[in-house]
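# Examination of the molecular architecture
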Amino acid sequence: MSYPYVLLSAAVSLDGYLDDTGPERLLLSGPADFDRVDEVRAASDAILVGAGTIRADNPRLLVNSAERRAARVAEGRPAYPLKVTVTASGDLDPAAKFWHTGGEKAVYTTDAGAERAARLLGDSAEIVPLGPELDWRALLEHLYVVHGVRRLMVEGGGTVHTQLLRQGLADELQLVLAPLLVGDPAAPRLFGPGAYQSGRLRLTETRRIEDVVLMRYEPTAPGAGAVPAAADRHWLRIACELAALCPPSKTAFSVGAVVVAADGTELARGHSREGDDPVVHAEEAALAKIDPADPRLAAATVYSSLEPCARRASRPAPCAELILRAGVRRVVTAWREPDTFVEAADGSGILARAGAEVVVLPEYEAQAKAPNGHLVR
Ligand SMILES: NC(=O)C1=CN([C@@H]2O[C@H](COP(=O)(O)OP(=O)(O)OC[C@H]3O[C@@H](n4cnc5c(N)ncnc54)[C@H](OP(=O)(O)O)[C@@H]3O)[C@@H](O)[C@H]2O)C=CC1
Ligand SMILES: Nc1c(N[C@@H]2O[C@H](COP(=O)(O)O)[C@@H](O)[C@H]2O)[nH]c(=O)[nH]c1=O
């Protein structure tokens, strides 16, 4: 399953509101920040808002800068990103600006919502029913596969942001804090109550833009079980970057590994042949840096650019076994082991038979293979 990179964008008041309850849209951003938003839009393949935002704001969601549109066209992309909305009711005003400005539009909805939306909108948008309920993963996969969307900007509102963050589907948050207070409990909030992934997000940037502050965050908590979260991709990418640091070898793979606790805390990382050990494997090196009594291991995830090994000549225990002994029960990898050194190595089988979950994210296979090009076809 491949999804676009999902960027949640919003401006909030000091007391955490997205808007007030007045009839006009509350301008939290200033001119320079709206221009930054325009730039982020121009770098996106699609922009999504919930039906509530269409009803409340009547937005156009355009790339306003002619230069940015021209640059998109010069790159062979449409002048405007695809505009996307979600609705369960299908209650969409056909006169809203959303349908009459910009480029292509798509509506993701339920089977029941699709009927009403089709009746109201005619052919002004593609209408995609996703079953009795709207499944966000199915929506993201459809955008990726059918519309070729690789970068999705989500511009709210709170109902939509809350679901994507809770389900571990947001790769990045870009929040602007505006120096004003709304103070009305009936106003919409950025994130609603409920169960989110645990732990702290990673702050990647802060930037003053006139009188507002842009804060960029990345969720860090691994997914649970077989279901990948956006942070799983981040950590697997790090494992692949570590693989590129390995001293080259003609007789062993170059692999990187990271061990991450359920709350997104990195416990250790390692790569093949690191330090003075010419045969150490990435997972072995990473696990050796963690106290075996660390209680976080039981709910941790091991990210390994290559499937953990099943058999070893140079050491008594293969990495699949070391992972199980450490108590880890979730592994995310990019690439199943080819027959180069061991016939039918099946580290995933060893792990799965012992009750561990093995998640393969094939979109990172090329990156995991890159430092091993001389060993595989
Ligand atoms: N400051 C900022 O940066 C921003 C502020 N805003 C503000 O936020 C407010 C709107 O936020 P909010 O009311 O939360 O609305 P949303 O834009 O999040 O839209 C919510 C609607 O989207 C549809 N929807 C959401 N999730 C699902 C799902 N899982 N399945 C099916 N349909 C779904 C439903 O539509 P339906 O009811 O049709 O079934 C739902 O009522 C406005 O006041 C707006 O001004 C919005 C964006 C950015
Ligand atoms: N009020 C507000 C935002 N609101 C967002 O901007 C959308 C309007 O887009 P457009 O009609 O194209 O100008 C609106 O629907 C909502 O998603 N965004 C921000 O960055 N800062 C703000 O202060």
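Residues numbered from 1 in each chain as written. Chains lettered and ligands numbered in written order. Predicted model: local features only at pLDDT ≥ 70, side-chain atom pairs only at ≥ 80, totals over all residues. Heavy atoms only, no water.

Over its 12 residues, helix α6 (residues 136–147) runs 15 Å from end to end, which matches the ideal 16 Å to within 8%, given 1.5 Å per residue. Of all the positions in α6, only Trp136, Arg137, Leu139, Leu140, His142 and Leu143 are classed as buried. Between the side-chain oxygen at the start of α6 and the backbone nitrogen of Arg137 there is a gap of 2.9 Å, and the oxygen is on Asp135. Directly beyond the C-terminal end of α6, a positive phi value near 65° is found at Gly148. (Helix = DSSP H or I, 4+ residues; strand = E, 2+ residues; numbered from the N terminus. Expected span 1.5 Å × (residues − 1). Buried < 20%, exposed > 50% of the residue type's maximum accessible area, 1.4 Å probe, protein only. Polar contact = N/O pair within 3.5 Å; in protein donor to acceptor, adjacent residues only side chain to side chain.)

Take the site of ligand 1 next. Close contacts around ligand 1 come from 26 residues, with Asp19, Thr53, Arg55, Thr87 and Thr159 the closest. A distance of 2.7 Å is found between an oxygen atom of ligand 1 and a side-chain nitrogen or oxygen belonging to Asp19. Contacts to ligand 1 include Ser89, whose side-chain N or O atom sits 2.7 Å from an oxygen atom. When the free accessible area of ligand 1 is taken as 920 Å², the share hidden by the protein chains comes to 81%. (Near = heavy atom within 4 Å. Areas by Shrake-Rupley, 256 points an atom, 1.4 Å probe, with all protein chains shown as cover.)

Turning our attention to empty space enclosed by the protein. Scanning all chains against the criterion turns up 1 cavity of 30 Å³ or more. Residue lining of the largest cavity: Met1, Tyr3, Pro228, Ala229, Ala230, Arg233, Leu361 and Glu363, and that is the complete set. The class makeup of the residues in the lining of the largest cavity is 6 nonpolar, no polar and 2 charged. (1 Å grid on protein atoms, 1.4 Å probe; cavity = no way out; pocket = protein on both sides within 12 Å on 5 of 7 lines; lining within 4 Å. Points joined across faces, edges and corners; volume = space filled by probe spheres on them. Nonpolar A, V, L, I, M, F, W, Y, C, P; charged D, E, K, R; others polar.)

In this numbering, the UniProt entry assigns the feature "domain: CMP/dCMP-type deaminase" (unreviewed entry) to residues 230–351. Spanning residues 230–351, this segment combines 28% helix with 16% strand, and its end C-alpha atoms are found 23 Å apart. (UniProt positions renumbered as here; feature names shortened; annotations may be inferred.)

To continue, consider the domain arrangement of the chain. Domains assigned within the chain are domain 1 (5–218) and domain 2 (230–372). With 9 residues of domain 1 at the interface, the matching set in domain 2 holds 6 residues. Approximately 530 Å² of surface area, both sides summed, lies buried where domain 1 meets domain 2, with 34% of it carried by carbon and sulfur atoms. Counting across the domain 1 and domain 2 interface gives 1 salt bridge. (Domains from an automatic or database assignment. Contact = heavy atoms within 4.5 Å. Buried area = accessible area lost by both parts, 1.4 Å probe. Salt bridge = Lys/Arg side-chain N within 4 Å of Asp/Glu carboxyl O.)

This part is about unusual backbone geometry. Residue Gly156 is joined to Gly157 through a cis peptide bond whose omega torsion reads -5°. Of note in this structure, Glu210 is not a glycine but carries a positive phi near 50°. Residue placement: Glu210 occurs in the loop between β8 (202–209) and β9 (212–218). The class for Glu210 is partly exposed, based on a relative accessible area of 44%. Positive phi is not limited to glycine here, since Arg273 has a value of about 60°.

Turning to the environment of Leu26, a few remarks are in order. Within the secondary structure, Leu26 is located in the loop between β1 (5–13) and α1 (31–42). Linking Leu26 and Ser13, residues 13 residues apart in sequence, is a C-alpha distance of 9.8 Å. Filtering out sequence-adjacent residues up to four positions away, Leu26 remains in contact with Asp19, Asp20, Leu180 and Val182.

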